[in-house]
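Structural features, examined
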Amino acid sequence: MQLAEIGVVREGGLFADGTGTRVRDALVTTKAGDLYLSWAFIVDGKVIADDRELKLRGLWNALAERRNAGGLVLVVARVSAETTLEQARSRYGDLAAGALGRAAGLLTPRSQV
């Protein structure tokens, strides 16, 4: 995701939520204000935040199974300019984890459908 096209990235990183699921997140300053973004991809029911793993799974699915079932879950929240990344994670981490868990349940491998 090219966050620089949206605005100026103040802080960003990769973290594990309370369930151990890894997600990416960032604080971004845009023309409309400051935002907290948290996102991960879901492929075959698995939450993936690592770009390399995402590309490899997509390639494998395209070649071996002739399909590529997946999706992006993005949580966006407006924050103040003083909000730190840790504060935003603390405030919105449960929301992101819940959204990822529900979406992962919807995007299951074909063999489990």
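The structure we're discussing is the one just above.
This text gives an overview of the structure that appears in the document. Bear in mind that the values here come from a model prediction, so they are computed numbers and not experimental data.

1. Considering the nonpolar core
By size, the foremost hydrophobic cluster in this structure holds 15 residues, and its most contacted members are L27, Y36, I42 and L100. Among the secondary structure elements, those contributing two or more residues to this core are β2 (22-30), β3 (33-43), β5 (70-79) and α2 (85-106). Looking at which element gives the most residues to this core, the answer is α2, with 6 residues. Those residues in contact with Y36 that lie beyond four places of it in its chain are F15, D25, A26, L27, V75, V76, A77, V79, L85, A88, R89 and Y92.

2. Structural notes on the environment of D51
Locating D51 in the fold gives a position in helix α1 (residues 51-64). It is 9.2 Å that separates the C-alpha atoms of D51 and F41, two residues lying 10 residues apart in sequence.

3. Re α1
Look at α1: 20 Å from first C-alpha to last across 14 residues, which is about the 20 Å you get at 1.5 Å a residue. In this structure, the buried residues of α1 make contact with β3 and β4 (46-48). Between a side-chain oxygen at the N-terminus of α1 and the backbone nitrogen of R52 the separation is 3.1 Å; the capping residue is D50. A positive phi of about 55° marks R66, the residue just after α1.

What counts as what
- Residues numbered from 1 in each chain as written.
- Predicted model: local features only at pLDDT ≥ 70, side-chain atom pairs only at ≥ 80, totals over all residues.
- Heavy atoms only, no water.
- Core = buried A, V, L, I, M, F, W, Y, C linked by side-chain atoms within 4.5 Å.
- Buried < 20%, exposed > 50% of the residue type's maximum accessible area, 1.4 Å probe, protein only.
- Helix = DSSP H or I, 4+ residues; strand = E, 2+ residues; numbered from the N terminus.
- Contact = heavy atoms within 4.5 Å.
- Expected span 1.5 Å × (residues − 1).
- Polar contact = N/O pair within 3.5 Å; in protein donor to acceptor, adjacent residues only side chain to side chain.

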